[in-house]
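Structural overview for review
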Amino acid sequence: MHEHIRKSLDQSIPEQVRLRDERKRAIVAEAHRRLEKGSPTRKPALKPLISAVAVVGIAGFLAVPYIQHEMGEKAIVESMPSEVVHKVSILGENLATLITAIYVDKTKEMIFTDGYRIYAYNTESKIKEILVEREEDANISGYNVAANERWIVWKQDDIEGYSILNRLNGEVRNIPDELHGMQIDGDQLNYTSVSQGNIWFTQLDLKTLEQTQLIDLHSQRLKLEYTRGATGKFIITDYGESDSSQFKFTVHDLKSQRQIGEYSFPYENAINLSISGNKVFAELFNEGDTGPVLGYVDLTDGQFYIVETPKFFAYAVFEDILALDVPVKDSRTIKLYRIENNQAHALPVLDHIQERLVKPRFTPEGSLVVNVEGTDFYSLYVVDATKLK
């Protein structure tokens, strides 16, 4: 109700007489000062007194919804259980090694590489364990590592093929394929591979090493989109499509290996496609646009929708919880929002954090991971978005 009153007041006041945030805070501070000072000892003139009372009364009336709203947000932050926002500090590491860190919900681990080894850091016990030692002098890039609670898959620079670690029995196996865009979904590894001059979207059963080439991407001028997390679905786009006013794509089910449907965004360009539930999100823009908009196609009805957001540079989404990289003063950081009626409503979950936050990404289970950029570069934050419902 308070939010409704505040919005109604905002809409009813002309722009030229609206109170800016600085003026609101000054009015509230002045009211507190006057109350603490007490009544004046000299009797003031009647007309100035009436004018002053009128001004302070109107200002106070206008300020009440803002004060209540800010107090409510502060109460939410202060009452928020510590398990919702958890800071993870791994001493001895830095942003370069942790920017690609993978959080595993089931084991509460951060999986990351420093180029020489792959580590698992238990966020509860604070114990760091070496999982993989590199072979020869070839580095391991964090972008070439995929992991969950049962498997670690990685590729070393300048070495043919890739390796698989079974975390349950310690067995390591090597596969002599060239691959890109690795993604683990349970016991399945999904990636693009190169075979006899063609580029395939390929699925590998990590337990049996049975390999299935699902779609020939090269001959059909198709592209596998990175869909940010194991979802049971994948997206294919046609980069040979001539209609530049529509960005067309198809969605497929991994289990049945069948196409769910054909869809399109009414924009020339779509980047960072991701699947959350039955919605396909993307950053959308036409040539000449100053910035992207966030939109999605609902797979249940095939319709396109735009989410009203502040200006942003990157996003991540899990169900109705949205993380945006937004401008703050002369810098940027990550803020959280809830999507309601296709509008992004701010959540104060990360507002108490002073460091700059970068690279938002959600796990399939709903944990948001963000890195700290600054003096505390060896830290990350994990937010349990499932507790924000």
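My aim in this report is to walk through the structure given alongside it, one point at a time. Starting from 1, residues in each chain are numbered consecutively following that chain's sequence as written. Thresholds applied to this predicted model are a pLDDT of at least 70 for local features of residues and 80 or more for the giving and counting of side-chain atom pairs; totals over whole chains, interfaces and linings are not thresholded and use all residues. Neither water nor hydrogens contribute to the side-chain values; these are computed over all heavy atoms in the structure.

Time to look at the overall build of the chain. Think of it this way: any DSSP run of H or I at least four residues long counts as a helix, any run of E at least two long counts as a strand, and we number them from the N terminus. Broken down by element type, the chain carries four helices and 28 strands. Classification of the 389 residues of the chain by burial places 41% in the buried group. The contacts of the chain with a sequence gap of at least 6 include a subset with a gap of at least 24, amounting to 38%. The protein chains shown are the only cover counted for residues, whose accessible areas, like all others here, come from Shrake-Rupley with a 1.4 Å probe. Roughly 21,700 Å² of accessible area belongs to the chain as shown, and the carbon and sulfur atoms make up 51% of that amount. Categorising residues by exposure relies on relative accessible area from a 1.4 Å probe, with only protein chains included: less than 20% of the type maximum marks a residue as buried, more than 50% marks it as exposed, and the intermediate range marks it as partly exposed. Note on contacts: a residue pair is in contact if any heavy atoms of the two residues lie within 4.5 Å.

Each aromatic ring pair is summarised here by two numbers: the centre-to-centre distance and the angle between the ring planes. The rule is short: rings of Phe, Tyr and Trp, with Trp giving its six-membered ring, pair when the centres are within 6.5 Å, and they are stacked under 30 degrees, edge-to-face over 60, tilted in between. In the structure shown here, the tally under the stated rule is 11 aromatic pairs. Both rings, one in Phe265 and one in Phe304, keep their centres 6.0 Å apart while their planes meet at 80°; by these two values the pair is edge-to-face. One end of the pair, Phe265, is in strand β17 (residues 258–265); the other, Phe304, is in strand β21 (residues 303–307), with 39 residues separating them in the sequence. On the basis of relative accessible area, Phe265 is assigned to the buried category, the value being 0%. Through a chain of ring-to-ring contacts, three or more aromatic side chains come together here, namely Phe249, Tyr263, Phe265, Tyr267 and Phe304. A cation over an aromatic ring shows up here: Lys128 above the ring of Tyr119, its NZ or CZ 5.0 Å from the ring centre. One cation-aromatic arrangement involves Arg332 over Phe313; the distance from NZ or CZ to the ring centre is 4.1 Å. Working rule: Lys NZ or Arg CZ, within 6 Å of ring centre, within 35 degrees of ring normal, means a charge sits over the ring.

Think of a 1 Å grid over just the protein atoms. A cavity is a set of points where a 1.4 Å probe fits yet cannot get out, a pocket is an open set with protein on both sides within 12 Å along at least five of seven lines, and lining residues have an atom within 4 Å of a point. Grid points are joined across faces, edges and corners, and a volume is the space filled by probe spheres set on the points. Scanning the entire structure with this criterion turns up one cavity of 30 Å³ or more. Forming the boundary of the largest cavity are Thr100, Ile102, Ile111, Phe112, Thr113, Gly142 and Val145. Those elements that place two or more of their residues in the lining of the largest cavity are β3 (109–113) and β6 (140–147). Among the elements that take part in the lining of the largest cavity, β3 stands out by supplying three residues, more than any other. Classes in brief: Ala, Val, Leu, Ile, Met, Phe, Trp, Tyr, Cys and Pro nonpolar; Asp, Glu, Lys and Arg charged; the others, Gly included, polar. Grouping the amino acids of the lining of the largest cavity by side-chain chemistry returns four nonpolar, three polar and no charged.

Between Lys or Arg on one side and Asp or Glu on the other, a salt bridge is scored when a side-chain nitrogen of the former is within 4 Å of a carboxyl oxygen of the latter. Inspection of every chain in the model, using the stated rule, returns 15 salt bridges. Here Glu149 ties to Lys106 by a salt bridge, and the two come within 3.5 Å at their closest N and O atoms. With Glu149 in the loop between β6 and β7 (151–156) and Lys106 in the loop between β2 (102–104) and β3, the pair connects residues that are 43 residues apart, well separated along the chain. On the accessibility criterion, Lys106 (60% relative accessible area) is exposed. With a closest N to O distance of 3.8 Å, Asp320 and Arg338 form a salt bridge. You can see Asp320 sitting in the loop between β22 (314–318) and β23 (321–328) and its partner Arg338 sitting in strand β24 (residues 331–340), a full 18 residues away along the chain. By sharing partners, the salt bridges in this structure join Lys106, Glu149, Arg150, Asp187 and Lys207 into a single network.

One can find Glu178 in strand β10 (residues 178–185). Placed 16 residues apart in sequence, Glu178 and Val194 show a C-alpha to C-alpha distance of 5.8 Å. Contact partners of Glu178, with chain neighbours within four places excluded, come to Thr192, Ser193 and Val194. Counted as a polar contact is a pair of N or O atoms within 3.5 Å, where, for protein atoms, one must be capable of donating a hydrogen and the other of accepting one, and residues adjacent in sequence contribute only when both atoms are in side chains. One polar contact links Glu178 to His180, side chain to side chain, over a distance of 3.3 Å.

Further remarks concern the sheet that holds β3. Strands are treated as partners if at least two bridges between them are detected by DSSP. Strand order in the open sheet made by the four strands is β2-β3-β4-β5, with antiparallel pairing throughout. In the strand order of this sheet, the two ends are held by β2 and β5 (128–133), each with one partner. Strand after strand, the sheet turns through a mean of 25° between neighbouring axes, direction not considered. In the sheet, β3 pairs with strand β4 (residues 117–122) via five bridges, with the strands oriented antiparallel. Counterpart to Thr113 in the pairing with β4 is Ile118. Comment: axis = line fitted to C-alpha atoms, over the contacting stretch for helices; angle = value between 0 and 180 degrees taken between N-to-C directions.

Checked against the element boundaries, Asn371 lands in strand β27 (residues 367–373). Taking the relative accessible area as the measure of exposure, Asn371 reaches 0% and is therefore buried. Polar contacts involving the side chain of Asn371 include one to the main-chain carbonyl oxygen of Leu98, which spans 2.9 Å. A polar contact is formed between the side chain of Asn371 and the side chain of Arg361, at a distance of 2.5 Å.

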